[in-house]
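Letter by letter, the chains look like this.
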2 protein chains.
Amino acid sequence: MLSRTSQYALRSVLFIAENSHARRKVGVGEVAKALEIPKYYLAKILRRLAVGKLIRSSKGPGGGYYLNSEDFDHPLIAIIESVDGPDSLKKCALGLNTCSSEHPCPIHFYIGPFRDSLLQSLSEITVGDALEQLKQEHVFIDNLLTGDEKKKSNSDPDERN
Amino acid sequence: MLSRTSQYALRSVLFIAENSHARRKVGVGEVAKALEIPKYYLAKILRRLAVGKLIRSSKGPGGGYYLNSEDFDHPLIAIIESVDGPDSLKKCALGLNTCSSEHPCPIHFYIGPFRDSLLQSLSEITVGDALEQLKQEHVFIDNLLTGDEKKKSNSDPDERN
DNA sequence: CAAAAAAAAGACTTCTCAGTCCTTTAATAA
DNA sequence: TTATTAAAGGACTGAGAAGTCTTTTTTTTG
């Protein structure tokens with residue numbers, strides 16, 4: 001469905017969004033540990049995201065990754081395409097290069113609508129939207145690994161971890 | 001979306017269904033050529049399908065692959081799972097092993113419904129259904145490669161090729 | 001300025017999927 | 001019963017994704 005790389009990317013961006021701002025950045029190690037992603041592999045992914053201007057980075061002590069306000073407006077699809085290449089979702093959808101609405105294969109009929117609406121969702125939903133959704137569900141992105149739900153009573157997100 | 005292997009598998013089963021019966025079997029070479037699938041790779045896939053009792057095979061002269069009447073009742077998902085392993089579609093959907101309705105990630109909300117209906121479609125639609133669909137569209141499965149539509153005026157399917 | 005901290009860069013390994021080829025087994029037919 | 005035909009089985013290769021490690025660059029701060 002989604003490559004592991006783009007799953008990592010999506011989760012990381014959401015985690016960084018939850019846990020950072022221009023004055024409180026998060027490092028690769030922190031993200032890797034929280035989301036249980038191989039650290040050095042994650043570093044590469046974050047670099048690609050930073051090059052694509054989907055997240056920000058700064059070097060040196062106190063450095064790390066963070067989002068600025070515009071970055072919350074990127075659609076989720078941008079993150080996927082940034083790490084997996086453009087059209088990665090579109091081209092892997094059917095497999096038949098000549099399968100189309102004019103020459104539909106039976107699979108086309110079932111998969112087509114699914115892929116289209118998935119694509120539309122991912123293009124509409126922004127990082128900010130997704131974050132909002134998490135908040136409404138009282139879920140932190142890094143909780144999804146263990147399944148234990150942190151109480152949202154702790155006010156300062158910087159205190160987590 | 002679907003692995004290339006399961007795409008090969010689906011198309012092959014439909015092709016075999018269209019072009020064979022217990023007394024007129026088709027060989028790997030024939031399928032491979034018609035569907036433009038690497039022959040030796042296809043052989044492996046067909047073997048897995050045969051072991052999974054989704055298609056039949058017989059050795060020796062006049063041998064090859066074919067479907068018997070029960071085989072038309074298998075849902076398409078069975079073919080996919082037979083070659084890609086069980087739950088291949090379910091588990092690749094989100095990537096998060098603990099993502100569930102109780103602990104939904106934001107992607108879950110957007111992907112979930114589509115994936116569920118896709119999964120349901122693939123579980124409902126049988127090989128026979130898909131074949132019916134093709135017939136209604138006046139399409140042969142091996143036409144989907146080139147896009148040129150064969151006229152369905154030729155009555156005996158054995159005559160094709 | 002020097003030391004430390006963190007990302008950036010790049011070389012390298014590992015694993016899985018896809019694809020190829022060769023040998024063996026089983027079934028048919030002459 | 002022997003030759004032929006086709007699947008079954010297994011060894012091997014290649015490409016790309018995923019993962020690891022080391023060195024370099026940049027930035028901060030004492």
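Report on the accompanying structure. (Residues numbered from 1 in each chain as written. Chains lettered and ligands numbered in written order. Predicted model: local features only at pLDDT ≥ 70, side-chain atom pairs only at ≥ 80, totals over all residues. Heavy atoms only, no water.)

## Remarks on the protein's contact with DNA strand C
Working step 1: Residues in close proximity to DNA strand C total 23 residues, the closest being S57 and Y65 of chain A together with R4, T5 and K44 of chain B.
Working step 2: Contact distances for DNA strand C include 3.4 Å between a base nitrogen and a side-chain N or O atom of R47 of chain A.
Working step 3: Between DNA strand C and Y65 of chain A there is a distance of 2.8 Å, counted from a phosphate oxygen to a side-chain nitrogen or oxygen.
Working step 4: Listing elements by their share of the surface near DNA strand C, those giving two or more residues are α3 (39-51), β1 (56-58) and β2 (64-66) of chain A together with α1 (4-19) and α3 (39-51) of chain B.
Working step 5: Residues of the surface near DNA strand C, tallied by class, amount to nine nonpolar, eight polar and six charged. (Near = heavy atom within 4 Å. Polar contact = N/O pair within 3.5 Å; in protein donor to acceptor, adjacent residues only side chain to side chain. Helix = DSSP H or I, 4+ residues; strand = E, 2+ residues; numbered from the N terminus. Nonpolar A, V, L, I, M, F, W, Y, C, P; charged D, E, K, R; others polar.)

## Digging into the packing of α1 of chain B against helix α2 (residues 28-35) of chain B
All names here are of chain B.
Working step 1: Closest axis-to-axis distance for the α1/α2 pair is 10 Å, and the angle between their directions is 115°. Between α1 and α2, the interaxial angle falls into the category roughly perpendicular. As for how α1 packs across α2, the hand of that crossing is right-handed. Judged by residue contacts, R11, S12, F15 and I16 of α1 engage E30, V31, A34 and L35 from α2.
Working step 2: Class assignment of the residues belonging to the contact of α1 with α2 gives a composition of five nonpolar, one polar and two charged. (Axes fitted to C-alpha atoms, helices over the stretch in contact; angles between N-to-C directions. Parallel < 35°, antiparallel > 145°, perpendicular 65-115°, else oblique. Left-handed = near helix turned anticlockwise from the far one by under 90°. Contact = heavy atoms within 4.5 Å.)

## Here we look at the protein's contact with DNA strand D
Working step 1: Taken together, 23 residues sit near DNA strand D, with T5, K44 and P61 of chain A together with S57 and Y65 of chain B positioned nearest.
Working step 2: Per the 4 Å cut-off to the protein, sugar and phosphate atoms form 62% of the nearby atoms of DNA strand D.
Working step 3: Residue K44 of chain B places a side-chain N or O atom 3.4 Å away from a base nitrogen belonging to DNA strand D.
Working step 4: Between DNA strand D and the protein, one listed contact pairs a sugar or linking oxygen with a backbone N or O atom of G60 of chain B at 3.3 Å.
Working step 5: Put simply, the parts of the chain that give the surface near DNA strand D at least two residues each are α1 (4-19) and α3 of chain A together with α3, β1 (56-58) and β2 (64-66) of chain B.
Working step 6: Looking at the surface near DNA strand D, its residues break down into nine nonpolar, eight polar and six charged.

## So, the pattern of salt bridges
Working step 1: Taken as a whole and judged by the stated rule, the model has four salt bridges over all chains.
Working step 2: Among the ionic pairs, R56 of chain A bridges to D71 of chain A, the shortest N-O distance being 2.6 Å. Here R56 of chain A is found in strand β1, whereas its partner D71 of chain A is found in the loop between β2 and α4 (76-84), with 15 residues between them in sequence. Like D71 of chain A, R56 of chain A is buried.
Working step 3: The shortest N-O distance in the salt bridge between E30 of chain B and R24 of chain B comes to 3.1 Å. (Salt bridge = Lys/Arg side-chain N within 4 Å of Asp/Glu carboxyl O. Buried < 20%, exposed > 50% of the residue type's maximum accessible area, 1.4 Å probe, protein only.)

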